[in-house]
Amino acid sequence: MRYWLVLLLLAAALIAGALAGMLIGHGSLHDLRLRGIFLELRTCRLAAAGLAGAALSVGGVLMQGLFRNPLASPDVLGCSAGAHVGGQLVLIATAGVTGLAAGSAPSWLVQEMAMPVGCLLGAGVSLVVLMLVAGRATGLATLLLCGVILSSLYGALSAFLTSLGQDSWQLGRALVAFSLGGVDGTTPQTLLMAVPLLAISLIAAWGWGRSLDLMLAGEEEAASLGVDVPAVRRWTLVWTAVLTATAVLLGGGVAFVGIVVPHLCRPLVGVGHRALVPACALGGAAYLVWCDDLARSLPATGEIPLGVVTGMIGAPLFLVILMRSRREGLA
Amino acid sequence: MSGAGDQQPSAAPAAAPAGTLMVRGLSVKRGGRLVVGELSMTACAGTVTALIGPNGAGKSSVLKAIIGVLPVAAGTVTLAHEEVLTMERRRRARVLAYVPQRSQLSAGMSVLNVVATGRFAHQGLLARLSALDRQAIDRALVLVDARELGERRFDELSGGESQRVLLARALATGARAILLDEPTAGLDIGHALAALRLLRRLADQGCTVVVVLHHLDEVRRIADQVLLMHQGAVLAQGTAAEVLASGALTQAFGVQGDPAAPWSFRLLAEER
């Protein structure tokens, strides 16, 4: 009963955030000629924020379950950094092929469709490396370190690509905006690509939830109780990679969602993964939609990047949660 | 009593009574090093088999190899004539339960949920608890006298309480063979005796119990059969009285004294 009430409240928070988001923005909805366009743009960006928030939060749940570490986030695998570099490469490649300034895209290479593919490929490269490491039956610490190394490598590559793009003002701006994170300009095509990826990943995450519950006791105990530990490792990595890639293609670099939202949800619904996955999907969607609302309503010359808002809210919020849980002996 | 040299690969499995756990020529490697070599043992249903020996003798490795957590380099393990090592993992978890020395579980899971994880191998894709599952969980909690702990968080329990809960989880699996790794480690004498009495009761009800123990007085109280391990091999095997009275204890532990009065033990180095 309490669980369903929590889900209801999270759904209400998401709907409220989405309704508020429809009304916030530079353009006025009173102008009947532009109302349809504004509503379509805002619907797309709100959907993108919701989907990215759900993807990052559930990715966080999977990582924290696999590594039995509450500080693990979807970033630790290096897949989000890989997706990020993949996205940047697409930005550069399409700018080179089509001439970003000229805007003459050939029909076979539409940038908005190439971007998701680039993000997925980038995350896929990280995943392949991780799977090779996981296949050698090494410990989770090795896997974690591998993720850290990949993240560092991709970080350096990303910086290199950003510096390369500075020759063109428009490309440089696009690369920086992608790094800072944001859901503005999301198109229905991107959403169409992201929705099935997210839906399959969420169902899979829920499906592996019971095994992840047992993994909380360690891999040996889980195996003794009948869990196929190598399969849990493998598929958790795969679905986390898909979730992070989906989040990056929708919102670029958005920080802290994957850590903060699961921590907010656990006291409400418990540590069981099958309860956490739906709660975090709704909670993460609501959280990022409200963050996007805030990004658009704070006074600034233009719009504050979404990644900046999530970082500025997420870091202190996480600190408060951490202090409170330590005081209560929960962490 | 029999010595290590008597461990011949045995008798046809068909000769063993139902519920018998038979280990033949088990070798286990960890990090390229042989930690258990050519170990053979037979644990019958309705008996308690104690594995004793100094630290690093390979006792825990034997248990972990039997449950499939450690890779086996050579040998066979059968339970009721069925090969365990190649058994489908869920089926193995239903017939063979394992109680670790201490659980690594640190997340705030309730005792009831911890015991419910023992039913994992019985559940389908949706993993919903059936009436049968609930019955098994309840019965297990009653057996270990932990029903009142049901709603408490596992990570807030005392050592004795958490050990009882881990045993309840093993019982909830419904397995008739239970392997326990030092279940009395860290327990006070009252809780330790209660744990031993419970193991005895399980054996009397027909379970096959294999337990790693360190205290010789506990071994004397509970074990029907004792295997003294040293450097990955069985040094002596027999009843508790036979093994404890043998000189093998001196060789394995490097001590001299009366096993009936453990306080009389002295290091061999001191004697010299």
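A quick note: this is a predicted structure, and the numbers were derived from the prediction, not measured.

Cut-off values and rules
Residues numbered from 1 in each chain as written. Chains lettered and ligands numbered in written order. Predicted model: local features only at pLDDT ≥ 70, side-chain atom pairs only at ≥ 80, totals over all residues. Helix = DSSP H or I, 4+ residues; strand = E, 2+ residues; numbered from the N terminus. Rg over C-alpha atoms; globule rule 2.2 N^0.38 Å. Buried ≥ 20, exposed ≤ 12 C-beta atoms within 10 Å, placed from the backbone. Contact = placed C-beta atoms within 7 Å. Axes fitted to C-alpha atoms, helices over the stretch in contact; angles between N-to-C directions. Parallel < 35°, antiparallel > 145°, perpendicular 65-115°, else oblique. Left-handed = near helix turned anticlockwise from the far one by under 90°. pLDDT = per-residue confidence, 0-100. Nonpolar A, V, L, I, M, F, W, Y, C, P; charged D, E, K, R; others polar. Pairing = 2+ DSSP bridges. Core = buried A, V, L, I, M, F, W, Y, C linked by C-beta atoms within 7 Å. Expected span 1.5 Å × (residues − 1). Right-handed = clockwise from strand over helix to strand, strands pointing away.

## A few points about the overall build of chain A
Of regular secondary structure, chain A possesses 13 helices and 0 strands. For chain A, the sequential pattern of α-helices and β-strands runs α-α-α-α-α-α-α-α-α-α-α-α-α. Its C-alpha atoms give chain A a radius of gyration of 20 Å, near enough to 20 Å, the size a compact globule of 331 residues would have. Reported as C-alpha extents along the three principal axes, the dimensions of chain A are approximately 60 × 45 × 35 Å. Counting only residues that meet the buried cut, chain A has 50% of its 331 residues in that class. Within chain A, contacts between residues separated by at least 24 positions form 79% of all contacts whose residues are at least 6 apart in sequence.

## Points about the overall build of chain B
Along its length, chain B carries 10 helices and 13 strands. The C-alpha atoms of chain B give 19 Å as radius of gyration, which agrees with the globular expectation for 272 residues (19 Å, within 12%). By principal-axis analysis of the C-alpha atoms, chain B measures approximately 60 × 40 × 35 Å. Considering only contacts within chain B whose residues lie at least 6 apart along the sequence, 66% involve residues at least 24 apart.

## Digging into the packing of helix α4 (residues 131-143) of chain B against helix α5 (residues 159-172) of chain B
Residue and element names in this part refer to chain B. It is at 8 Å that the axes of α4 and α5 come closest, and there the two elements cross at 140°. With respect to α5, the element α4 is oriented oblique. As α4 packs across α5, the resulting crossing turns out to be right-handed. On α5, the residues that touch A136, I137, A140, L141 and L143 of α4 are A168, L171 and A172.

## Examining unusual backbone geometry
All names here are of chain B. Although it is not a glycine, H81 sits at a positive phi angle of roughly 70°. Summarising the element assignment, H81 is placed in the loop between β5 (72-79) and β6 (82-83). The exposure class of H81 is partly exposed, given the 15 C-beta atoms found within 10 Å. In this structure, D145 takes a positive phi of about 60° despite not being glycine. If you trace the backbone, D145 turns up in the loop between α4 and α5. Residue D145 is classed as exposed on the basis of its C-beta count, with 12 C-beta atoms lying within 10 Å.

## What about the confidence of the model for chain B?
Keep in mind that low pLDDT regions are not for reading the predicted coordinates in detail. A residue-level look at chain B finds 91% of positions with pLDDT of 70 or above and a mean pLDDT of 85. Among the scores for the predicted complex, ipTM is 0.85 and pTM is 0.84.

## Examining the packing of helix α1 (residues 2-23) of chain A against helix α12 (residues 273-297) of chain A
Residue and element names in this part refer to chain A. Direction vectors running N to C along α1 and α12 enclose 25°, while the axes themselves pass 8 Å from each other. It follows that α1 is roughly parallel to α12 by the angle criterion. Seen along the crossing, α1 lies across α12 with a hand that is left-handed. Contacts between α1 and α12 pair Y3, V6, L7, L10, A11, A13, L14, G17, A18, A20 and G21 from the former with A275, P278, A279, L282, G283, A285, A286, V289, W290, D292 and D293 from the latter. Taken together, the residues of the contact of α1 with α12 break down into 17 nonpolar, 3 polar and 2 charged.

## Let's talk about the sheet that holds strand β3 (residues 33-43) of chain B
All names here are of chain B. The sheet built from 4 strands is open, its strands ordered β3-β2-β5-β6 with antiparallel pairing. The open sheet has two edge strands with one neighbour each: β3 and β6. Packing of helix α1 (residues 59-66) onto the sheet brings it into contact with β2 (21-30), β3 and β5, and relative to β2 it is tilted by some 110°.

## Topic: the nonpolar core
Among the nonpolar cores identified, the biggest contains 187 residues, and A52 of chain A together with V115, I178 and L228 of chain B are the most heavily contacted of them. Excluding anything up to four places from it in sequence, V115 of chain B contacts I137, A140, L141, V165, A168, R169 and A172 of chain B.

## Re the environment of V238 of chain A
Looking at the secondary structure, you find V238 of chain A in helix α10 (residues 229-251). Separated by 111 residues in the primary sequence, V238 of chain A and L127 of chain A have C-alpha atoms spaced 6.9 Å apart.

## Remarks on α12 of chain A
Residues that lie three or four places apart on an α-helix share one face, since the helix turns once every 3.6 residues. With 25 residues, α12 of chain A extends 35 Å between its outermost C-alpha atoms, agreeing within 8% with the 36 Å of an ideal straight helix rising 1.5 Å per residue. In terms of residue burial, α12 of chain A counts as a mostly covered element, since 22 of its 25 residues are buried.

## Focus on the interface of chain A and chain B
With 17 residues of chain A at the interface, the matching set in chain B holds 21 residues. Put simply, the parts of the chain that give the side of chain A that touches chain B at least two residues each are α8 (209-215) and α9 (219-224) of chain A. For the side of chain A that touches chain B, the element with the highest residue contribution is α9 of chain A, accounting for 4 residues. Per-class residue counts for the side of chain A that touches chain B are 8 nonpolar, 4 polar and 5 charged.

## Considering helix α2 (residues 32-67) of chain A
Over its 36 residues, α2 of chain A runs 52 Å from end to end, which matches the ideal 52 Å to within 8%, given 1.5 Å per residue. Of the residues flanking the end of α2 of chain A, it is R68 of chain A, one or two places downstream, whose phi is positive at about 50°.

## What to know about the pairing of strand β9 (residues 208-212) of chain B
Residue and element names in this part refer to chain B. Counting buried residues along β9, 5 of its 5 residues qualify, which places the element largely inside the surrounding structure. Burial along β9 is two-sided: the face carrying T208, V210 and V212 and the face carrying V209 and V211 are both buried. Relative to β9, strand β4 (residues 48-52) runs parallel, the two being bridged by 4 bridges. The residue bridging T49 from the neighbouring strand is V210, located in β9. Note: strand β8 (residues 177-181) against β9, 5 bridges, orientation parallel. Paired with L179 across the two strands is V210, which belongs to β9. Note on the crossover from β8 through helix α6 (residues 189-204) to β9: the handedness is right-handed.

## Observations regarding the confidence of the model for chain A
With 90% of its residues at a pLDDT of at least 70, chain A reaches an overall mean of 84. Per-residue pLDDT stays below 50 along residues 99-105 of chain A; that stretch engages in 10 contacts with residues further than four places along the chain or on separate chains.

## Focus on the environment of A231 of chain A
Relative to the assigned elements, A231 of chain A resides in helix α10. Along the primary structure A231 of chain A and S211 of chain A are separated by 20 residues, whereas in three dimensions their C-alpha atoms are 9.9 Å apart.

## Observations concerning the environment of A55 of chain A
Residues and elements named next belong to chain A. Relative to the helices and strands, A55 is located in helix α2. Since 35 C-beta atoms lie within 10 Å of it, A55 is described here as buried. Once the C-alpha coordinates of A55 and A194 are considered, the two residues, 139 residues apart in sequence, prove to be 9.9 Å apart. Those residues within four positions of A55 in sequence are excluded, and the remaining contacts are L198, L243, T246 and A247.

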